[in-house]
Amino acid sequence: MLSSINLNVPGEHRLIFSGVAGPLEAVLDVPERVNEDYLAILGHPHSLQGGTMNNKVVTTLARTFRTLNIPSLRFNFRGVGQSQGVYDAGIGESDDMLVLVHEWLQHRPQTQIFFAGFSFGSYVAYRAAAQHPHRMLITIAPPIHHFNYTEFLTPPCPWWVVQGDEDEVVPAQIVYDFAAQVTPSLPLIRFPDTGHFFHGKLIDLKTRLIDAIREQAPK
């Protein structure tokens, strides 16, 4: 349970929290020096295609926030690892993400939330951010062609989009067109010569995300 977490103890803390459909396993990453004003909630790739909270892009997100002294929580979606329940196309997964946020805020009500996700996890993060106040939403390689990122009337801004030009899973131009068509248009971080999983680009990804996050959460 989140009530037992001590932010004075740096490192990765494994825990179980109660999702809507059953227990879910999570990892809280606590930096050496914690900025308790913020918390990042991270979503992983598709549950039915091998996605887990230990995906390299997701752990790069965790390291990014750690560098900024922001704690992060990532969790295995339903049916992944030790998490109970079954895949729910992003609907139940975003409900679980919101449960995690609400439980955190019961103990630290002044915390401002960053929602971030990679691939399918970006849709989960989008749905959660659209239903909850947030400091920033980060969607990395969002599968716009498979999931509805306009299902909520008001876009969950501030919202940043990160996309590789050579993505073999998500057509990059669809993402670029989407970011331009949203009102207001979404800030876009483009990565040339970069595929879906950011192979060889994770350090650059971290660097550019740090710059973007600092715009939203200055020291």
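Residues numbered from 1 in each chain as written. Predicted model: local features only at pLDDT ≥ 70, side-chain atom pairs only at ≥ 80, totals over all residues. Heavy atoms only, no water.

**Focus on the overall build of the chain**
Applicable threshold: Here a strand is any run of E in DSSP of at least two residues, a helix any run of H or I of at least four, and the numbering for each starts at the N terminus. Buried residues are those whose accessible area, probed at 1.4 Å on protein chains only, stays under 20% of the maximum for their type, while exposed residues exceed 50% and partly exposed ones sit between those limits. Any two residues whose heavy atoms approach within 4.5 Å at even a single point are treated as in contact. Per-residue and other accessible areas follow the Shrake-Rupley method at a 1.4 Å probe size, with only the shown protein chains counted as cover for residues.
If you tally the helices and strands in the chain, you get 5 helices and 8 strands. Along the chain, helices (α) and strands (β) appear in the sequence β-β-β-α-β-α-β-α-β-β-α-β-α when read from the amino end. Dimensions of the chain, computed from C-alpha atoms along their principal axes, come out at roughly 45 × 40 × 35 Å. Looking at the chain as a whole, 55% of its 219 residues qualify as buried. Excluding contacts between residues fewer than 6 apart, the proportion of contacts in the chain whose partners are at least 24 apart in sequence is 65%. Accessible surface computed for the chain: about 9,500 Å², of which carbon and sulfur atoms make up 50%.

**Thoughts on the sheet that holds strand 4 (residues 72-75)**
Keep this limit in mind: In this scheme, strands are said to pair when DSSP sees at least two bridges between them. Only the stretch in contact is used when a helix axis is fitted, and all axes are lines through C-alpha atoms; the angle between N-to-C directions ranges over 0 to 180 degrees.
Taking strand neighbours across the sheet as the criterion, the 8 strands line up as 1-2-4-3-5-6-7-8 in an open arrangement whose pairing is mixed. Each having just a single partner strand, strand 1 (11-19) and strand 8 (188-191) make up the two edges of the open sheet. Across the sheet, the axes of successive neighbouring strands diverge by a mean angle of 20°, strand direction being ignored. Pairing of strand 2 (residues 22-30) with strand 4, which is carried by 4 bridges, proceeds in the antiparallel orientation. Residue pairing in the sheet places L28 in a bridge with L73 of strand 4. Packed onto the sheet, helix 1 (residues 56-67) meets strand 1, strand 2, strand 3 (38-43), strand 4, strand 5 (112-118) and strand 6 (136-140) and runs at close to 175° relative to strand 3.

**What about helix 4 (residues 172-181)?**
In an α-helix, one turn spans 3.6 residues, which is why side chains three or four residues apart end up on the same side. Spelled out, the test is: Here, the arc refers to the directions that run from the helix axis to the C-beta atoms.
Taken as a whole, helix 4 has its buried residues at A172, V175, Y176, F178 and A179. Taken down its axis, helix 4 places every buried residue within 160° of arc, on the same side. With respect to the buried face of helix 4, the exposed residues turned more than 90 degrees away are A180 and Q181. For helix 4, the elements touching its buried residues are strand 7 (159-164) and strand 8.

**Notes on unusual backbone geometry**
Between C157 and the following residue, P158, the backbone shows a cis peptide bond with an omega angle of 0°. Structurally, the position occupied by P158 is in the loop between strand 6 and strand 7. In the segment running from T183 into P184, the intervening peptide bond is cis, with an omega of -5°. Position of P184 relative to the elements: it lies in the loop between helix 4 and strand 8. With a phi angle near 55°, F198 is a residue other than glycine that sits in the positive phi range. With a relative accessible area of 0%, F198 lands in the buried category.

**Regarding the side chain of S72**
Of note, S72 is situated in strand 4. The class for S72 is buried, based on a relative accessible area of 1%. Beyond its immediate stretch of four places on either side in the chain, S72 contacts V27, L28, D29, L39, A40, L42 and A62.

**With respect to helix 1**
Selection criterion: Here the expected span of a helix is defined as 1.5 Å times the quantity of residues minus one. N or O atoms closer than or at 3.5 Å make up a polar contact, with two conditions inside protein: a donor-capable atom paired with an acceptor-capable one, and, for residues adjacent in sequence, both atoms drawn from side chains.
Here helix 1 is 12 residues long and its end C-alpha atoms lie 16 Å apart, about the 16 Å a rise of 1.5 Å per residue gives. Listing the buried residues of helix 1 in full gives V57, V58, T59, T60, L61, A62, T64 and F65. The distance from a side-chain oxygen at the start of helix 1 to the backbone nitrogen of V57 is 2.8 Å, and the residue carrying that oxygen is N55.

**Some points on the pattern of salt bridges**
As a reminder of what qualifies: Here, a salt bridge means any Lys or Arg side-chain nitrogen found within 4 Å of an Asp or Glu carboxyl oxygen.
Within this structure, the stated rule accounts for 5 salt bridges. The salt bridge partner of D96 is R78, with a shortest N-O separation of 2.7 Å. Linking D96 in helix 2 (residues 91-107) with R78 in the loop between strand 4 and helix 2, this pair joins segments that are 18 residues apart in sequence. Each member of the pair, D96 as well as R78, carries the same accessibility label: buried. A salt bridge links R190 to D165, with the nearest nitrogen and oxygen atoms 3.3 Å apart. With R190 in strand 8 and D165 in the loop between strand 7 and helix 4, the pair connects residues that are 25 residues apart, well separated along the chain. Judged by its relative accessible area of 25%, D165 falls in the partly exposed class.

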